[in-house]
Amino acid sequence: MAAYLCPPAVIHGEHAVRTSQIVAEVRDRHPDAAWAPRIDGIAASTGIETRGWMLPLEAAVAPGGGALRAAGIGRAQEALAREGFTEQDVERAVAALEAIPAPQTVQERTAPAWEAVQSYGEHAARGALQIAGLDVADVDCLITSNSTTPALPGLDVALANRLSLRDDVMLLPATQWACVAGTRSLALAADLVAADPDRVVLVVISEALSTTYQPADDTLESLIVRLLFADTAVAAVVTGRRRRESVLRLDAAWHHTLPGTQDLHRLETRADGAHFVMDRRGPRAVQETVTAMWEWLRVRHQDDPEAWHPDVLLAHPGGTRVLEYMEQTMPDTWPSGLLEHSRASYTTGNRGGAAVFDILRRAHDAGQKPGSRAVLYAAAPGLSATALAGEWL
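Here goes a summary of the coordinates provided. (Residues numbered from 1 in each chain as written. Predicted model: local features only at pLDDT ≥ 70, side-chain atom pairs only at ≥ 80, totals over all residues. Heavy atoms only, no water.)

Here the focus is the overall build of the protein. Of regular secondary structure, the protein possesses 14 helices and 14 strands. The C-alpha atoms of the protein give 23 Å as radius of gyration, which agrees with the globular expectation for 393 residues (21 Å, within 12%). Each principal axis of the C-alpha distribution contributes one length, and for the protein these read about 90 × 50 × 35 Å. A distance of 3 Å separates the average location of the 35 positive side-chain charges in the protein from that of its 49 negative side-chain charges. (Helix = DSSP H or I, 4+ residues; strand = E, 2+ residues; numbered from the N terminus. Rg over C-alpha atoms; globule rule 2.2 N^0.38 Å. Lys, Arg positive; Asp, Glu negative; His and termini not counted. Charge placed at Lys NZ, Arg CZ, Asp CG, Glu CD.)

Before going further, it helps to examine the pairing of strand S5 (residues 141-145). Taken across its five residues, S5 has five buried, putting it largely inside the fold. Here S5 runs beside strand S6 (residues 170-174); their pairing, made up of five bridges, is parallel. Each bridged residue has a counterpart across the sheet, and for Ser145 the counterpart in S6 is Ala174. After leaving S5, the chain enters helix H8 (residues 155-162) and then returns to the sheet as S6, a path that is right-handed. When S5 meets strand S7 (residues 200-207), the two strands line up parallel, connected through five bridges. Note that in S7 the partner of Thr144 across the bridge is Val204. (Buried < 20%, exposed > 50% of the residue type's maximum accessible area, 1.4 Å probe, protein only. Pairing = 2+ DSSP bridges. Right-handed = clockwise from strand over helix to strand, strands pointing away.)

This part takes up the pattern of salt bridges. In a structure, side chains of opposite charge can pair up when their charged atoms sit close to one another. Counted according to the given criterion, the structure contains 17 salt bridges. Note that Arg249 and Asp251 form a salt bridge whose closest N and O atoms lie 2.6 Å from each other. A salt bridge links Asp365 to Arg361; its shortest N-O distance comes to 3.1 Å. Linking Asp365 with Arg361, this pair stays in helix H14 (residues 355-366), spanning four residues, or about one helical turn. Arg361 gets classed as partly exposed once you look at its relative accessible area, which sits at 22%. Salt bridges here are not isolated pairs; linked through shared partners, they connect Glu122, Arg126 and Arg162. (Salt bridge = Lys/Arg side-chain N within 4 Å of Asp/Glu carboxyl O.)

It is worth spelling out the nonpolar core at this point. Val201, Leu248 and Trp392 are the most contacted members of the largest nonpolar core, which totals 39 residues. In terms of residue count, helix H9 (residues 181-195) provides more of this core than any other element does, seven residues in total. Setting aside residues no more than four positions away along its own chain, Val201 makes contact with Cys141, Ile143, Ala189, Leu192, Val193, Ala236, Val237 and Val238. Grouped together as the second largest cluster of nonpolar side chains are 31 residues, Ala9, Ile11, Leu163 and Val204 included. (Core = buried A, V, L, I, M, F, W, Y, C linked by side-chain atoms within 4.5 Å. Contact = heavy atoms within 4.5 Å.)

Another aspect to go through is the environment of Thr333. On the secondary structure map, Thr333 appears in the loop between helix H12 (320-329) and helix H13 (340-346). Counting along the chain gives 26 residues from Thr333 to Ala307, while the straight-line C-alpha distance between them is 8.0 Å.

Okay, the packing of helix H7 (residues 106-132) against H8 next. For any two helices packed against each other, one specifies the inter-axial angle together with the distance between the axes. Remark: H7 packs on H8, axes separated minimally by 10 Å, with the N-to-C direction vectors making an angle of 55°. In terms of orientation, H7 lies oblique with respect to H8. Here H7 runs over H8; the crossing is right-handed. Residues Trp114, Glu115, Val117, Gln118, Ser119, Gly121, Glu122 and Arg126 of H7 lie in contact with H8, whose contacting residues are Leu155, Ala158, Leu159 and Arg162. Looking at the contact of H7 with H8 residue by residue, the class counts come to five nonpolar, three polar and four charged. (Axes fitted to C-alpha atoms, helices over the stretch in contact; angles between N-to-C directions. Parallel < 35°, antiparallel > 145°, perpendicular 65-115°, else oblique. Left-handed = near helix turned anticlockwise from the far one by under 90°. Nonpolar A, V, L, I, M, F, W, Y, C, P; charged D, E, K, R; others polar.)

Inspection of the entire model under this criterion finds four aromatic pairs. Ring geometry for Trp53 against Tyr213: centres 5.5 Å apart, planes inclined by 75°, an arrangement best described as edge-to-face. Of this pair, Trp53 sits in strand S4 (residues 50-53) while Tyr213 sits in the loop between S7 and helix H10 (220-228), placing them 160 residues apart in sequence. Feature note: the residues Trp294, Trp308 and Trp334 constitute an aromatic cluster, connected by ring pairs. Positioned above the aromatic ring of Tyr213 is the side chain of Arg226, whose terminal nitrogen or guanidinium carbon lies 5.3 Å from the ring centre. (Phe/Tyr/Trp six-rings, centres within 6.5 Å; stacked < 30°, edge-to-face > 60°. Lys NZ or Arg CZ within 6 Å of the ring centre and 35° of its normal.)

The following block contains the structure:
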């Protein structure tokens, strides 16, 4: 399966949103929520003080145009006039209705975010090609993933036009990989270059997770969603032959899906936009995929004459509870600190599908010895997980 990965380009959301800002906004909007007295402790428990968004917080909490504007003010005026209202009464009624704050519509939330996703994705793609010492004309296949801003045509076609890719480039969009996009896109890229070692695959993941910030929601789960997510675009080049710029060789991939868990975490589209729904049973289900991954690694290296262990573990499990579980269930002989880059990434937000590339970039920048054994892991709503094993070059 040998495939070679160049260092990824990582573009963080340019708008710094502090946890204190989110807490203030939520407390002001939902002062009587059952969890309101505990909001400071809940926020502190995330360990996240600031996250980057593609759009400012004000864009997420601004009122929308409402049903009146959507239906058309003229139609509302005509309806009132037919009911016998005077012209002056109609104007007063319309003005009063327009003054009522209304949630943003799906279009009002996602349209500007979709533009940002495309722009950030292009920026990351060009950065990845520059890092790899390649030009857009060298790209043979483009794999894209974005789950938070649905569009058709999607990010693949948008980037093909923005980058002016060749018209024979294979486009492979994956709109529903979500948090597992980082590892699964690399596994797919590895399969593609195994079939043709001369193929150059460009992977781009661009997520505006801030679109799941829903001001009207007053559930505890919605509060946690507000506090966790960050916006990021990442990209990397995968080749079938080692290049001077290659930093990681990918040797094997593992996939795992837990039946009957599709409702634990999910993205729902409602009238006011995308809602990320979390179930408290989710972390325990994700832990099952971690246990299964340990078994895959054990079997894979059972004939190793030395006691095998990874030298770096690049894991996006979605939360601190699963990171703690990973540390608790690792074999006792494994060294400590394997998850330091994963923890460092999480302190500035959950990046969804872009997380593993961000963690990989942090590990690269910190310096890794040639021959270091790496394991990449991610789990996503479904619940499904993908892991990769490789070696630092």
